[in-house]
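What follows is each chain in one-letter form.
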Protein chains: 2
Amino acid sequence: MANIHDVAKAAGVSISTVSYALSGKRSIGEQTRQRIAEAVRELGYRPNAGARMLAGTTTHIFALSAPFRPDTYAPAHMAFVLAVAQAARRFDYDVLLLTEDEATGGLQRVAASRLVDGVIVLDVARNDERAHLMHDIDLPATVIGIPDNTEGLLCVDLDFRKAAELSVARLADRGHRSIGMLGHPPRIYERGSNFPHRFRAGFEEAAAEQKVKSAIALPGHGPAGVRDALDELFEKLPNMTALVMNCEEPIQTSALDELDDRGISVPEDLSVISACSSFDTSRFSPPLDVIPLIAEESCNRGVELLVEQLEGEVAPHVELIPPRYESRGSVGDAPLPVKPGASRHPGQRGRR
Amino acid sequence: MANIHDVAKAAGVSISTVSYALSGKRSIGEQTRQRIAEAVRELGYRPNAGARMLAGTTTHIFALSAPFRPDTYAPAHMAFVLAVAQAARRFDYDVLLLTEDEATGGLQRVAASRLVDGVIVLDVARNDERAHLMHDIDLPATVIGIPDNTEGLLCVDLDFRKAAELSVARLADRGHRSIGMLGHPPRIYERGSNFPHRFRAGFEEAAAEQKVKSAIALPGHGPAGVRDALDELFEKLPNMTALVMNCEEPIQTSALDELDDRGISVPEDLSVISACSSFDTSRFSPPLDVIPLIAEESCNRGVELLVEQLEGEVAPHVELIPPRYESRGSVGDAPLPVKPGASRHPGQRGRR
DNA sequence: CTGAAAGCGCTTACAG
DNA sequence: CTGAAAGCGCTTACAG
């Protein structure tokens, strides 16, 4: 394997010139540059990673702290992991994957050994050990997600709160006065993930502000759990004309199936919004209005901010990505009120 | 950050003694060892990763080549990625995640820069660029999966062929003479993944050997695709009494739903085996007999073999993990033959 | 059982 | 615009 001396010899220059030519940290004569480039190509030279780490100030590696919990939804998790890896590569960084149960152990290890230049913290909990750790550790970090205490942290995430407000506002604009929300399973809230709470809080506040009736139901396991949650909503809101779903794809699929089974048409009988979804809602039947949760967006920005931290250009702060609303036809005007006493949705249960 | 000199000074020894004490590569006086251990603890010393990489012969990092393709099933993929990361940690290795589109680029990069000591190659295709690359590259590797040409490679995987044989044999033992197989969607076979082909080939051969009638159907998209595939099987095998499923969880779920809709009871009317499944089939209704595909098993062994390669103890070879059969009650004796002419399964379609 | 020292392959002041 | 050299923090013969 060729080293920098081989390249220097082949190009007829000193090793410092090779180093500078490669890093671009000082100007190099055009012919010199070309001879070096040529030598690098011919020899297939790549700087030795260890030497670079030792001599330089940078390792060109980021740690990605991505704990996989029992209830983690794999497709979304995967999307974020991939998005971080790809964003990092764009800045010529490689990604070291930290998945350990002991969330903080790996971070301390790579920090102390100077293996990485910085950390991306994924799926931060409201009261996350890792967030606390970042205060003590001498390592720039970007947190994807917003823990309860963001002091001293650089956090990036979709604005789930605004996304909820946007959903409710859209529906209120169309005359809906009774809006249900189908959330994640209860254990997702209990385990302390940050974003479901933010969405739910935003939903409740927006409903209060818009003076619409609202209710929230959290589905149990499987299609039966979703059915029960819908029952709960229809019971609490007999005149429910709109549904906001903030949950993973299988639940949304089950919910649409169940509505179909009950003979409830979207959007004629019920307007539906899929909020903060990291999957494609245009293949649903019917395609759903969506506020997309785009892993690439958060992760690109997160990595970008991490790089900026390394360059000392950015202070801790919270950066919320504004939600975007995409219409696909699943939201319509609220149906005219029915005469009191008659339940609009007979609630004919599916027969499974 | 404390370095080895600080530790040596604190312990009153030379730095080489510290280094040897930490690596265990030569015997150290008991008191000396204790003083060093004490100093390490007090100073929170961690060897600098770059210095270790440069001076030593090892980086303590593995690359994990885990391409995420459009049809990759995230939960299974995730399970393998996590299993590799956890296995690596057990040998004190960290994992660098390579996900790039250009499958080989990242491998060449980390190989040339000596960033990693070895590579785990995940989800290898039958004719995988990466397998070719491993021949040229100076880097030990373990491949999870079996490409068509395994020459010079160290490959580990569940024995999908044997798993298929085992499934058919079990059913044949119970008197089943007409066995269908529900496979993955066609595009999974087309894109060249190695394991679906191995299972299918094993199924076909075992069916021929056991002299049972057999048919294979590959589902299209969604529940409708699964329904059509089942139709196809019942058409090709009007007396089908057993079904082997080698596909991902959503398809198996849809298939069970569909059987239920058709009034077909498992195992009374139809015996069902879930083969090479990396998810829990005991929560299905009914719970399914399963030949589990355990990510930890393949990945532990893969990492172990990679470590052994580094120690120069192991030559290229293919290592197939024998399948295990777990009964859960979804396989029964074949029902008695019906009188010719009467279709056993009226095929009453679900009403969605 | 322990130490002094070379050397891994870079980066970066320092010097011109 | 370019070069000679120090130094990053380890590991590992070499020596005793």
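Residues numbered from 1 in each chain as written. Chains lettered and ligands numbered in written order. Predicted model: local features only at pLDDT ≥ 70, side-chain atom pairs only at ≥ 80, totals over all residues.

Caption draft 1: Representation of the relation of the copies chain B and chain A. Mapping chain B onto chain A calls for a screw motion: a turn of 180 degrees about the axis and a shift of 0.0 Å along it, with 0.0 Å RMSD after fitting. Here the two chains are linked by the operation of a two-fold rotation axis. Most of the interface of chain B is mirrored in chain A, where 100% of its interface residues are also at the interface. (Least-squares fit on C-alpha atoms with pLDDT ≥ 70 in both. Contact = placed C-beta atoms within 7 Å.)

Caption draft 2: Up close: the sheet that holds strand β11 (residues 318-321) of chain A. Read from one edge to the other, the open sheet built from 12 strands follows the order β11(A)-β5(A)-β4(A)-β3(A)-β1(A)-β2(A)-β2(B)-β1(B)-β3(B)-β4(B)-β5(B)-β11(B), with strand pairing classed as mixed. Two strands close off the open sheet at either side, each with one partner strand: β11 of chain A together with β11 (318-321) of chain B. Strand-to-strand twist in this sheet, taken as the mean axis angle between neighbours without regard to direction, amounts to 25 degrees. Sheet topology note: the strand β3 (residues 118-121) of chain B/strand β4 (residues 141-144) of chain B ladder contains 3 bridges and is parallel. Across the sheet, Val121(B) pairs through a bridge with Val143(B), a residue of β4(B). In the packing of helix α6 (residues 103-112) of chain B onto the sheet, contacts are made with β1 (61-65), β2 (94-98) and β3 of chain B, and the angle to β1(B) comes to roughly 170 degrees. (Pairing = 2+ DSSP bridges. Helix = DSSP H or I, 4+ residues; strand = E, 2+ residues; numbered from the N terminus. Axes fitted to C-alpha atoms, helices over the stretch in contact; angles between N-to-C directions.)

Caption draft 3: The pairing of strand β10 (residues 289-292) of chain A, seen in detail. All names here are of chain A. Side chains Asp289 and Ile291 of β10 all project onto a buried face; the interleaved residues Val290 and Pro292 project onto the opposite face, where all are buried too. Pairing of strand β9 (residues 271-277) with β10, which is carried by 4 bridges, proceeds in the parallel orientation. By the bridge assignment, Ala275 is partnered in β10 with Ile291. (Buried ≥ 20, exposed ≤ 12 C-beta atoms within 10 Å, placed from the backbone.)

Caption draft 4: Looking closely at the sheet that holds strand β8 (residues 242-245) of chain A. All names here are of chain A. Within the open sheet, the 5 strands sit side by side as β7-β6-β8-β9-β10. Their pairing is parallel. Here the strands that pair on one side only, and so sit at the sheet edges, are β7 (213-217) and β10. Ignoring which end each strand starts from, the neighbouring axes of this sheet average 20 degrees apart. Where strand β6 (residues 178-182) meets β7, 5 bridges bridge the pair, whose relative direction is parallel. Across the sheet, the residue bridging to Gly180 is Ala215, located in β7. The strands touched by helix α8 (residues 160-173) are β6, β8, β9 and β10; relative to β9, the strand with the most contacts, the crossing angle is about 165 degrees. Contacting β6, β7, β8 and β9, helix α10 (residues 194-209) crosses the sheet at an angle of about 160 degrees to β7.

Caption draft 5: View of the domain arrangement of chain A. According to the domain assignment, chain A consists of domain 1 (4-47), domain 2 (61-158 + 295-321) and domain 3 (160-292). When each unit is reduced to the centre of its C-alpha atoms, the spacing between domain 1 of chain A and domain 2 of chain A is 35 Å. (Domains from an automatic or database assignment.)

Caption draft 6: Looking closely at the protein's contact with DNA strand C. Close contacts around DNA strand C come from 28 residues, with Ile4(A), Ala55(A), Ser16(B), Ser27(B) and Gly29(B) the closest. Listing elements by their share of the surface near DNA strand C, those giving two or more residues are α2 (15-23) and α4 (49-55) of chain A together with α2 (15-23) and α4 (49-55) of chain B. Among the elements that line the surface near DNA strand C, the one with the most residues is α2(A), at 5 residues. Across the surface near DNA strand C, the residue classes break down as 12 nonpolar, 13 polar and 3 charged. (Near = placed C-beta within 6 Å. Nonpolar A, V, L, I, M, F, W, Y, C, P; charged D, E, K, R; others polar.)

Caption draft 7: Seen up close, the interface of chain B and chain A. Contact with chain B, which involves 31 residues of that partner, is made by 31 residues of chain A. When residues of the side of chain B that touches chain A are traced back to their parent elements, those giving at least two are α4, α5 (74-90), β2 and α6 of chain B. A per-element tally of the side of chain B that touches chain A places α5(B) first, with 8 residues. Taken together, the residues of the side of chain B that touches chain A break down into 17 nonpolar, 8 polar and 6 charged. The pairing of strand β2 (residues 94-98) of chain A with β2(B) spans 3 bridges and is antiparallel. The residue of β2(B) that forms the bridge with Leu96(A) is Leu96(B).

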